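For reference, the chains in residue letters:
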Amino acid sequence: MSEVKKERILKISILRFDPTDPKDFPHIVTYEVEEADGMTLFIALNEIREHHDNSLMFDFVCRAGICGSCSMLVNGQPKLACRVLTSKLDANISLAPLPLFKLIRDLSIYTGEWMRGLSERVESWIHDKEEELAFDKLEQRMEPALADEIYELDRCVECGCCVAGCGTIQMKPNFLGAVGLNKVARYHLDPRDKRSDEEYYEIVGDEDGVFGCMTLLGCEDVCPKDLPLQSKIAYLRRMMIQTAAKN
Ligand code: SF4
Ligand code: F3S
Ligand code: FES
């Protein structure tokens, strides 16, 4: 006999605040939502906005874990809300915006400015010599295993979960964090990038870079794309130590 599934009433408590309204202050509002089969937090939040409070602000674009815009604290843990099934959670759920990023309102944050600053800081693009950028030049063959390794790191969706999950950034705001170190490792691995190890050392060989990481491991625990962040931080550390020993 098939089991009859009990419908649950979810109590979703949301930390709400509009920093542009001088009269507002951070406060928690709890909404009750009837759970449906296959419900994600994206669906639950839309239910709240449609049936309870249309002023609630949150971000979603792809609903498929690809755009990285729906990151938030779910019961205190950084997650992509569109990938969280309510059935995996207790009926009492707390939601808050990711810390460290600019708050727009309620659950909506602005990660773009932070991520852009990071990309500019580590120059996360292929650095090649001008003569080698000629349009008629054939691309060099890359070993499939190396291409896969680079592709794996390119899956980062810049959601900011690893930043919110890293205790070091809370203490050292200039620390690159796992997302920044991942970008550096990605370009260092890429044979099309012609920067020397010494140039990479300038970018990442200090306490705001790879030597600032205290191996707290929160980044890898919360990365929704399961990127191998730890092994790439270790890879960069080895590279930095070898470079320092050469000079
Ligand atoms: Fe998000 Fe993972 Fe990229 Fe960090 S490394 S920004 S957690 S996808
Ligand atoms: Fe932070 Fe991850 Fe290092 S959590 S301290 S970047 S291992
Ligand atoms: Fe795009 Fe969640 S809506 S990752």
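Remember, it's a predicted structure, so these values are computed and weren't measured experimentally. (Residues numbered from 1 in each chain as written. Chains lettered and ligands numbered in written order. Predicted model: local features only at pLDDT ≥ 70, side-chain atom pairs only at ≥ 80, totals over all residues. Heavy atoms only, no water.)

### Examining the sheet that holds strand β1 (residues 9–16)
Consider a sheet: its strands pair through backbone hydrogen bonds, and that pairing is either parallel or antiparallel. Strand order in this open sheet of five strands is β2-β1-β5-β3-β4, and the pairing throughout is mixed. Edge positions in the open sheet fall to β2 (27–34) and β4 (77–80), since each of these has one partner strand only. Direction aside, neighbouring strands of the sheet carry axes that sit 35 degrees apart on average. (Pairing = 2+ DSSP bridges. Helix = DSSP H or I, 4+ residues; strand = E, 2+ residues; numbered from the N terminus. Axes fitted to C-alpha atoms, helices over the stretch in contact; angles between N-to-C directions.)

### Some thoughts on the site of ligand 2
Around ligand 2, the structure places C166, T168, F175, A178, C213, M214, T215, L216, L217, G218, C219 and Q230. Here the shell around ligand 2 is composed, by residue class, of eight nonpolar, four polar and no charged. (Near = heavy atom within 4 Å. Nonpolar A, V, L, I, M, F, W, Y, C, P; charged D, E, K, R; others polar.)

### Re the pairing of strand β6 (residues 102–105)
Pairing analysis gives three bridges linking β6 to strand β7 (residues 108–110), with the strands arranged antiparallel. Along β7, the bridge assignment pairs L103 with I109. What sits between the antiparallel neighbours β6 and β7 is a turn of two residues, in which D106 has the positive phi angle 50 degrees.

### A short note on the packing of helix α3 (residues 144–154) against helix α6 (residues 177–189)
The N-to-C vectors of α3 and α6 enclose an angle of 160 degrees; their axes lie 9 Å apart at closest approach. Put simply, α3 runs roughly antiparallel to α6. Relative to α6, the crossing made by α3 is left-handed. Contacts between α3 and α6 pair L146, E149, I150, L153 and D154 from the former with N182, A185, R186 and L189 from the latter. (Parallel < 35°, antiparallel > 145°, perpendicular 65-115°, else oblique. Left-handed = near helix turned anticlockwise from the far one by under 90°. Contact = heavy atoms within 4.5 Å.)

### Points about the nonpolar core
By size, the foremost hydrophobic cluster in this structure holds 36 residues, and its most contacted members are C162, L181, V204, V210, L229 and L236. Every element with two or more residues in this core is listed here: α2 (112–122), α3, α4 (161–164), α6, α7 (197–204) and α9 (229–246). Ranked by residues supplied to this core, first place goes to α6 with seven residues. Setting aside its immediate chain neighbours within four residues, V204 contacts L176, L181, V184, G209, V210, F211 and M240. In this structure, L45, F58, V74 and C159 belong to the second largest nonpolar core, which totals 30 residues. (Core = buried A, V, L, I, M, F, W, Y, C linked by side-chain atoms within 4.5 Å. Buried < 20%, exposed > 50% of the residue type's maximum accessible area, 1.4 Å probe, protein only.)

### A look at α6
For α6, which comprises 13 residues, the first-to-last C-alpha distance of 18 Å matches the rise-based estimate of 18 Å (1.5 Å per residue) to within 8%. Among the 13 residues that make up α6, 13 are buried, leaving the element largely enclosed by the rest of the structure. (Expected span 1.5 Å × (residues − 1).)

### Some remarks on the site of ligand 1
Neighbouring ligand 1 are 13 residues, the closest being C156, V157, C159, C162 and C223. Class assignment of the residues belonging to the shell around ligand 1 gives a composition of ten nonpolar, one polar and two charged.

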